[in-house]
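Read off the chains here:
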Amino acid sequence: MQRELLNTMNAFLDPSNHADSEDAMMAEETEQRLSGRWAQPGGQRHHAQPTMGDILATLTSAMSLLRRCRANAALTIQLFSQLFHFVNMWLFNQLVLQPGLGLCTRRWGIRLGRRLSRIEAWAEKQGLELAADCHLARILQTSLLLQSQKQSLQDISTISAHCFKLNSLQLHAILQQYSPEPASPRCRRRC
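Remember, predicted model here, so these are calculated numbers, not experimental data.

Just to check I follow, could you spell out the nonpolar core for this structure?
Where a protein is soluble and globular, its nonpolar side chains tend to be buried together. In terms of nonpolar packing, the biggest core is built from 44 residues, with Phe12, Phe80, Phe84, Leu91, Ile119 and Trp122 touching the most fellow members. Elements that contribute at least two residues to this core include exactly helix H3 (52-68), helix H4 (73-97), helix H5 (106-126), helix H6 (129-135) and helix H7 (137-147). Tallying contributions element by element places H4 first for this core, with 10 residues. Phe80 has contacts with Leu59, Ala62, Met63, Leu66, Trp122 and Leu128, leaving out every residue within four places of it along the chain.

This is the structure we're talking about:
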């Protein structure tokens, strides 16, 4: 399941709004098209570039498989906890380890937050909101950090209150790569 999810993860990094344009029915349509089979590699994508609908369809397909097999609820929660952790880890690593992508901006923070909110909404409908909250917390807080003002001591206090899942090294790595928008005032750096 994680491999299937990996095939669609680039939807989070799509700079266009195309990844967001899929409607909520995409997951249900894909499930009907699969007609009881687990998703075949690459079989669920309609586009060359994956979309958030593809990610949701992958999650829905996994949930349907587990329900058809009448998997224990604890096993289902554990499996989706792993999938949410994978999403968290993969996105965070892309932000921190791929500075050439230019993802550490306010605009990307907003885009990432919007896309992650779709995963959270899906998880809530499935009764997996606690697993999603717990295992997506780091990337959600990173999204908030990117969106936040970073000009005053009050801003720093707000960031530290809301980004408690990020340790000092992670905060440093993100803020070192952060590129403010042209219209925003620059942060002063101290040596």
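The structure having been displayed, the exposition proceeds.
Just checking my understanding: could you explain unusual backbone geometry for this structure?
Leaving glycine aside, a negative phi is the common case for residues, and trans is the common case for peptide bonds. Even without being glycine, Arg70 reaches a positive phi, approximately 55°. For Arg70, the position within the fold is in the loop between H3 and H4. Given the relative accessible area of 76%, Arg70 is considered exposed.

Help me understand the packing of H4 against H5, please; the structure alone is not making it clear to me.
Two quantities define a packed helix pair, namely the angle between the helix axes and the distance between the axes. Viewed as axis vectors pointing N to C, H4 and H5 meet at an angle of 175°, and their least axial separation amounts to 13 Å. Taken together, the axes of H4 and H5 are roughly antiparallel relative to one another. Residues Phe80, Phe84, Val87, Leu91 and Leu95 of H4 touch H5, and the partners they reach there are Leu112, Leu116, Ile119, Trp122 and Ala123. A breakdown of the residues in the contact of H4 with H5 according to their chemical character gives 10 nonpolar, no polar and no charged.

Whenever I open this one, empty space enclosed by the protein confuses me. Can you help?
Where empty space is left can be seen by rolling a probe of water-molecule size over the atoms. This model, assessed by the stated rule, comprises one cavity of 30 Å³ or more. At the level of secondary structure, the elements contributing two or more residues to the lining of the largest cavity comprise H4 and H5. For the lining of the largest cavity, the per-class residue count stands at eight nonpolar, no polar and no charged.

Looking at this model, I keep getting lost on the environment of Gln147. Mind explaining?
Mapping Gln147 onto the fold places it in helix H7. Residue contacts for Gln147: discarding those within four places in its chain leaves Arg106, Gly109, Ile110 and Gly113.

For this particular structure, what's the right way to read the environment of Ser81?
Residue placement: Ser81 occurs in helix H4. Residue classification places Ser81 among the buried residues on the basis of a relative accessible area of 12%. Considering only alpha carbons, one finds Ser81 and Leu136, 55 residues apart in sequence, at a separation of 9.1 Å. Beyond its immediate sequence surroundings of up to four residues, Ser81 is in contact with Ala131 and His135.

How should I be thinking about the confidence of the model for the protein in this particular structure?
If pLDDT is low for a region, its predicted coordinates should not be looked at in detail. Chain-level pLDDT for the protein is 84 on average; 82% of the residues reach the 70-or-more range. The least confident element of the protein is helix H2 (residues 25-34), whose mean pLDDT is 47; the most confident is H6, at 97.

Explain the environment of Asn10 to me, please; I cannot follow it from the model alone.
Mapped onto the secondary structure, Asn10 falls in the loop between helix H1 (2-6) and H2. Exposure remark for Asn10: the relative accessible area of 40% places this residue in the partly exposed category. Along the primary structure Asn10 and Gln49 are separated by 39 residues, whereas in three dimensions their C-alpha atoms are 7.7 Å apart. Setting aside residues no more than four positions away along its own chain, Asn10 makes contact with Gln49, Pro50 and Trp90.

Reading guide: rules and limits
- Residues numbered from 1 in each chain as written.
- Predicted model: local features only at pLDDT ≥ 70, side-chain atom pairs only at ≥ 80, totals over all residues.
- Heavy atoms only, no water.
- Core = buried A, V, L, I, M, F, W, Y, C linked by side-chain atoms within 4.5 Å.
- Buried < 20%, exposed > 50% of the residue type's maximum accessible area, 1.4 Å probe, protein only.
- Helix = DSSP H or I, 4+ residues; strand = E, 2+ residues; numbered from the N terminus.
- Contact = heavy atoms within 4.5 Å.
- Axes fitted to C-alpha atoms, helices over the stretch in contact; angles between N-to-C directions.
- Parallel < 35°, antiparallel > 145°, perpendicular 65-115°, else oblique.
- Nonpolar A, V, L, I, M, F, W, Y, C, P; charged D, E, K, R; others polar.
- 1 Å grid on protein atoms, 1.4 Å probe; cavity = no way out; pocket = protein on both sides within 12 Å on 5 of 7 lines; lining within 4 Å.
- Points joined across faces, edges and corners; volume = space filled by probe spheres on them.
- pLDDT = per-residue confidence, 0-100.

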